[in-house]
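Here is what each chain is made of, one letter per residue.
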Amino acid sequence: MVVGGPVGAAEVGVHVDLAETGTRLRFQPNLLYWRSAELRDVNPNLDVAYRVGHSPSVSPYVGAGLGLNFVDEDRPGGNSTDAGMNLLGGVRFAGDGHDLFVEARHTMSDVSRTAVTAGITFGPGR
């Protein structure tokens, strides 16, 4: 759920978690979509996260990235495209074949917003 910017917006997304074994850095390209009563945004991002802890089962992380915002407003001429910067932090919980995560993300752009999300990462490269 997005809190800040467009309050009460619903958000969905997908990401790819690319990391070389034994490194703390993770490259995480992702695509987010959110919608509020009067705004919609398709938001592709290129984020990099740094794992802070040493525990294999619980991994806090911080990160930053760049993204584009394709915002559509419900009014004539309300469409815009702008670049934004992302700041993020979260915790990953290792599972058997998947990881769970909780993440806070702040995007600074023409439509700045703060979101708290939770999700699951499947497969190799977790």
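Peer 1: How would you summarise the overall build of the protein chain if you had to cite specific residues and measurements?
Peer 2: For the protein chain, the count of helices and strands is 0 helices and 8 strands. Along its sequence from the N terminus, the protein chain presents helices and strands in the succession β-β-β-β-β-β-β-β. Split into buried and exposed, the 126 residues of the protein chain put 34% on the buried side. The contacts of the protein chain with a sequence gap of at least 6 include a subset with a gap of at least 24, amounting to 43%. Accessible surface, the protein chain as shown: approximately 7,000 Å² in total, 66% of it carbon and sulfur.

Peer 1: Go over the environment of Glu-11 with me, naming the residues and quoting the values.
Peer 2: Tracing the sequence through the fold places Glu-11 in strand E2 (residues 10–15). Judged by relative accessible area, Glu-11 falls into the buried class, the value being 16%. Distance from Glu-11 to Val-116, taken between C-alpha atoms, is 9.7 Å for residues 105 residues apart in sequence.

Peer 1: Describe the pattern of salt bridges, with residues and values.
Peer 2: Across all of its chains, the model carries 7 salt bridges by this definition. Of the charged contacts, one joins Arg-105 and Asp-47 as a salt bridge, the two residues approaching to 2.7 Å between their closest N and O atoms. Within this pair, whereas Arg-105 is found in strand E7 (residues 98–108), its partner Asp-47 is found in strand E4 (residues 39–51), the two being separated by 58 residues in sequence. A single burial state applies to Arg-105 and to Asp-47, both of which are buried.

Peer 1: Summarise the confidence of the model for the protein chain; cite the residues concerned and give the values.
Peer 2: Caution is warranted with low-pLDDT regions, since their predicted coordinates should not be read in detail. Summing up the model confidence of the protein chain, the mean pLDDT is 85 and the portion of residues at 70 or higher is 88%. Contacts of residues 1–5 to residues separated by more than four positions or lying in other chains number 18 contacts, the stretch itself having pLDDT below 50.

Peer 1: Pulling in residues and values, what's your account of the pairing of strand E5 (residues 58–73)?
Peer 2: As paired elements, E4 and E5 share 11 bridges and run antiparallel to each other. Bridging from a neighbouring strand, Asp-41 pairs with Val-71 of E5. Bridge analysis of E5 against strand E6 (residues 80–94) gives 14 bridges, and the strand direction is antiparallel. Paired with Gly-63 across the strands is Leu-88, a residue of E6.

Peer 1: Could you give an account of the side chain of Arg-92, naming the residues involved and the relevant values?
Peer 2: Structurally, Arg-92 is set in strand E6. Polar contacts involving the side chain of Arg-92 include one to the side chain of Asp-99, which spans 3.0 Å.

Peer 1: Tell me about the side chain of Arg-40, and name the residues and values.
Peer 2: Assignment of secondary structure puts Arg-40 in strand E4. With a relative accessible area of 14%, Arg-40 lands in the buried category. Side-chain polar atoms of Arg-40 contact the side chain of Asp-72, separated by 2.7 Å. With residues up to four places along the chain from it excluded, the contact list for Arg-40 reads Tyr-33, Trp-34, Arg-35, Phe-70, Val-71, Asp-72 and Asp-74.

The rules we used
Residues numbered from 1 in each chain as written. Predicted model: local features only at pLDDT ≥ 70, side-chain atom pairs only at ≥ 80, totals over all residues. Heavy atoms only, no water. Helix = DSSP H or I, 4+ residues; strand = E, 2+ residues; numbered from the N terminus. Buried < 20%, exposed > 50% of the residue type's maximum accessible area, 1.4 Å probe, protein only. Contact = heavy atoms within 4.5 Å. Areas by Shrake-Rupley, 256 points an atom, 1.4 Å probe, with all protein chains shown as cover. Salt bridge = Lys/Arg side-chain N within 4 Å of Asp/Glu carboxyl O. pLDDT = per-residue confidence, 0-100. Pairing = 2+ DSSP bridges. Polar contact = N/O pair within 3.5 Å; in protein donor to acceptor, adjacent residues only side chain to side chain.

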